[in-house]
Amino acid sequence: MPATRLWIKNPLALFTANDLHAPGGLVVENGVIAELLDAGQAPARPVDQTFDAREHVVLPGLINTHHHFYQTLTRAWAPVVNQPLFPWLKTLYPVWARLTPEKLEVASKVALAELLLSGCTTAADHHYLFPGGLENAIDVQVQAVRELGMRALLTRGSMSLGEADGGLPPQQTVQEAETILADSERLIGLYHERGDGAQVQIALAPCSPFSVTPEIMRASAELAEAHDVRLHTHLAETLDEEAFCLERFGLRTVDYLDSVGWLGPRTWLAHGIHFNAEEIARLGAAGTGICHCPSSNMRLASGICPTVELEEAGAPLGLGVDGSASNDGSNMILEARQALYLQRLRYGAERITPARALGWATRGSARLLGRDDIGELAVGKQADLALFRLDELRFSGSHDPLSALLLCGADRADRVMIGGRWRVIDGQVEGLDLPGLIAEHREAARTLIAG
């Protein structure tokens, strides 16, 4: 059990993701942050334990707001290495259709462990594949999240528009609307936790305009409203998608979103690249959030998300690693670095600072998931922390610790705390047989490709 009162003392640097400062560190009590301390300040009451953080940079736990855990099984697969989104999907769909509960379980554990080691404490996953035998995919993922001790917003994705009806996915990967909605309701009732400190939450996530019908979009929005859960989908990722919406619906992507009842603060969108100025203003006015996925967008040559315009319009903005077959990793601190660099190409060095990129990965991402108990360091927030050391060769000669995390390429946390419990100690996930997991995952990946 964690100490009742723990002082994480005198960090090398500390990023709060807000206007607060705590050079003396912070006190964790019963899983939440009880005090922020100034330089030389002692805790208001005695502590049971002290952790000397003089060699650590302390961040709020990073928050990943878009992923596809199952895709860790198809990383760097030669036939899709040089393909853009639509051909990439068409080539991979038949492979993914062979997914089994056992393969999903090991893929999810690998994704979660990789995220955890990168300083990520909360992850949103978008799972939309439910071939025969995989009807309980989200249940499998819930178990993996609990085993790793992380927080997760698991989205019940769906595909209902197959090739036979003009969509992209093969028929064996699509489901009937009644099945999708019934399972969505079951999962909300069974797993969705509310309030501060929630570990597992459920959202509804029809996959994309080219893989679901408008009917399932509308019905999902109504169900989400009825049960007060969030909505998620891919939107405006590529020009191909924009052309599909114009041809099939006679609408651009944001008009389509509005037509099915999704333009509002309950919704967050993955990618959000191809918006015009009027669409950005509408998204901001509606409070609809955008998850920027820089590595995936570069990998598939999809484009660059207009982050600054979206934020200035009022749209919440966070970060996601996206699926591990379009990234091809699950590393949140590296994703913040990619966001910093990609967005500097668009907006210049002065406007896109390391603090801004880290803010997207923490407080911004928390807003996307509808949470105000995580993503920043302040009294009363959950004690979700990522601690990084700067003692490797890559950091030698660096001067500003916070900037060094991104500019020098930190890729692994030394310690990670979730709800006051250490889940990573000395760069290792507590209680995880990592070599055994890797061996099992490699075999699952091999057999999935082999068919």
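Coordinates for the structure precede this section.
So, how was this worked out
Residues numbered from 1 in each chain as written. Predicted model: local features only at pLDDT ≥ 70, side-chain atom pairs only at ≥ 80, totals over all residues. Heavy atoms only, no water. Helix = DSSP H or I, 4+ residues; strand = E, 2+ residues; numbered from the N terminus. Buried < 20%, exposed > 50% of the residue type's maximum accessible area, 1.4 Å probe, protein only. Areas by Shrake-Rupley, 256 points an atom, 1.4 Å probe, with all protein chains shown as cover. Lys, Arg positive; Asp, Glu negative; His and termini not counted. Charge placed at Lys NZ, Arg CZ, Asp CG, Glu CD. Pairing = 2+ DSSP bridges. Core = buried A, V, L, I, M, F, W, Y, C linked by side-chain atoms within 4.5 Å. Contact = heavy atoms within 4.5 Å. Axes fitted to C-alpha atoms, helices over the stretch in contact; angles between N-to-C directions. Salt bridge = Lys/Arg side-chain N within 4 Å of Asp/Glu carboxyl O. Phe/Tyr/Trp six-rings, centres within 6.5 Å; stacked < 30°, edge-to-face > 60°. Lys NZ or Arg CZ within 6 Å of the ring centre and 35° of its normal.

(A) Structural view of the overall build of the protein chain. A tally of regular secondary structure across the protein chain gives 14 helices and 18 strands. With the C-alpha coordinates aligned to their principal axes, the bounding extent of the protein chain is approximately 65 × 50 × 45 Å. Here the protein chain holds 451 residues, and the buried ones make up 62% of them. Total accessible area on the protein chain is roughly 16300 Å²; 50% of this is exposed by carbon and sulfur atoms. Averaging the locations of the 38 positively and 56 negatively charged side chains of the protein chain gives two centres separated by 3 Å.

(B) Seen up close, the pairing of strand β16 (residues 415-418). Residues Arg-415 and Met-417 line one face of β16 and the alternating positions Val-416 and Ile-418 line the opposite face, and both faces are buried. In this sheet, β16 lies alongside strand β15 (residues 385-389) in antiparallel orientation, the contact comprising three bridges. Counted as the bridge partner of Leu-387 is Arg-415 from β16. With three bridges joining them, β16 and strand β17 (residues 421-425) adopt antiparallel strand pairing. Across the sheet, residue Met-417 finds its bridge partner in β17, namely Trp-422. A loop of two residues connects β16 with β17, the two strands running antiparallel in sequence, and Gly-419 in this loop sits at a positive phi of about 60°.

(C) Quick look at the nonpolar core. Of all hydrophobic cores here, the largest spans 118 residues; its most connected members are Leu-59, Trp-88, Trp-96, Leu-154, Phe-275 and Leu-310. Residue contributions to this core peak at 10 residues, all from helix α2 (residues 101-117). The residues contacting Leu-59, other than those within four sequence positions of it, are Phe-15, Ile-333, Leu-358, Leu-377, Asp-384, Leu-385, Ala-386, Phe-388, Leu-402 and Leu-405. One finds Leu-14, Ile-33, Leu-385 and Trp-422 within the second-largest nonpolar core, a separate group that totals 17 residues.

(D) Fine view of the environment of Arg-346. By the secondary structure assignment, Arg-346 is in helix α11 (residues 332-347). Spatially, the C-alpha atoms of Arg-346 and Phe-210 are 28 Å apart, while their sequence positions differ by 136 residues. The contact partners of Arg-346, leaving out residues within four places of it in the chain, are Ile-304, Cys-305 and Pro-306.

(E) Here's a closer look at the sheet that holds strand β5 (residues 49-52). Sheet architecture is open: four strands sit in the order β4-β3-β1-β5, paired in mixed fashion. Every interior strand has two partners, whereas the edge strands, β4 (32-37) and β5, have only one. Across the sheet, the mean angle separating the axes of adjacent strands is 20° when strand polarity is ignored. Sheet analysis places strand β1 (residues 5-9) next to β5, joined by four bridges and oriented parallel. Residue pairing across strands places Ile-8 opposite Phe-51, the latter belonging to β5.

(F) View of the pattern of salt bridges. A full pass over the atoms with the stated rule returns 31 salt bridges. Arg-75 is the partner of Glu-114 in a salt bridge, and the nearest nitrogen-oxygen pair spans 2.8 Å. Pair noted here: Glu-114 is in helix α2 and Arg-75 is in the loop between β7 (62-64) and α1 (85-96), with a separation of 39 residues, a long-range link. As a salt-bridge pair, Asp-411 and Arg-394 come within 3.5 Å of each other at their nearest N and O atoms. Taken together, the positions of Asp-411 in the loop between α13 (401-407) and β16 and Arg-394 in the loop between β15 and α13 put the pair 17 residues apart, joining distant regions of the chain. Under the relative-accessibility criterion, Asp-411 is labelled partly exposed at 29%.

(G) Representation of the environment of Ala-378 within the structure. Secondary-structure assignment places Ala-378 in the loop between α12 (354-368) and β15. Taking relative accessible area as the criterion, Ala-378 reaches 10% and is therefore assigned buried. Distance in space between the C-alpha atoms of Ala-378 and Pro-60 is 9.7 Å, their sequence separation being 318 residues. Those residues within four positions of Ala-378 in sequence are excluded, and the remaining contacts are Asn-18, Leu-20, Ile-33 and Leu-36.

(H) How the structure looks around unusual backbone geometry. The step from Asn-327 to Asp-328 runs through a cis peptide bond, and the omega angle for that step is 5°. For Asp-328, the location among the structural elements is in the loop between β14 (317-319) and α11. Backbone geometry at Ala-301 places phi at a positive 55°, although glycine is not the residue there. Looking at the secondary structure, you find Ala-301 in the loop between α9 (294-299) and α10 (307-313).

(I) Fine view of the sheet that holds β15. Ordered by their spatial adjacency, six strands build an open sheet running β2-β6-β15-β16-β17-β18, and the pairing between neighbours is mixed. On the outer flanks of this sheet lie β2 (13-14) and β18 (428-429), each paired with one strand and no other. Pairing between strand β6 (residues 56-60) and β15: five bridges, direction antiparallel. Within β15, the position partnered with Val-58 by the bridge is Leu-387.

(J) Representation of the packing of aromatic side chains. Inspection of every chain in the model, using the stated rule, returns nine aromatic pairs. Ring geometry for Trp-88 versus Trp-96: centroids 5.6 Å apart, planes at 75°, classification edge-to-face. The burial state of Trp-88 is the same as that of Trp-96; both residues are buried. Every member of this aromatic cluster is reached through a ring pair, and the members are Tyr-70, Trp-88, Tyr-93, Trp-96 and Tyr-128. The lysine or arginine in question, Arg-156, covers the ring of Phe-130, its NZ or CZ lying 3.7 Å from the ring centre. One Lys or Arg, Arg-415, reaches over the ring of Trp-422 and ends 4.7 Å from the middle of that ring.

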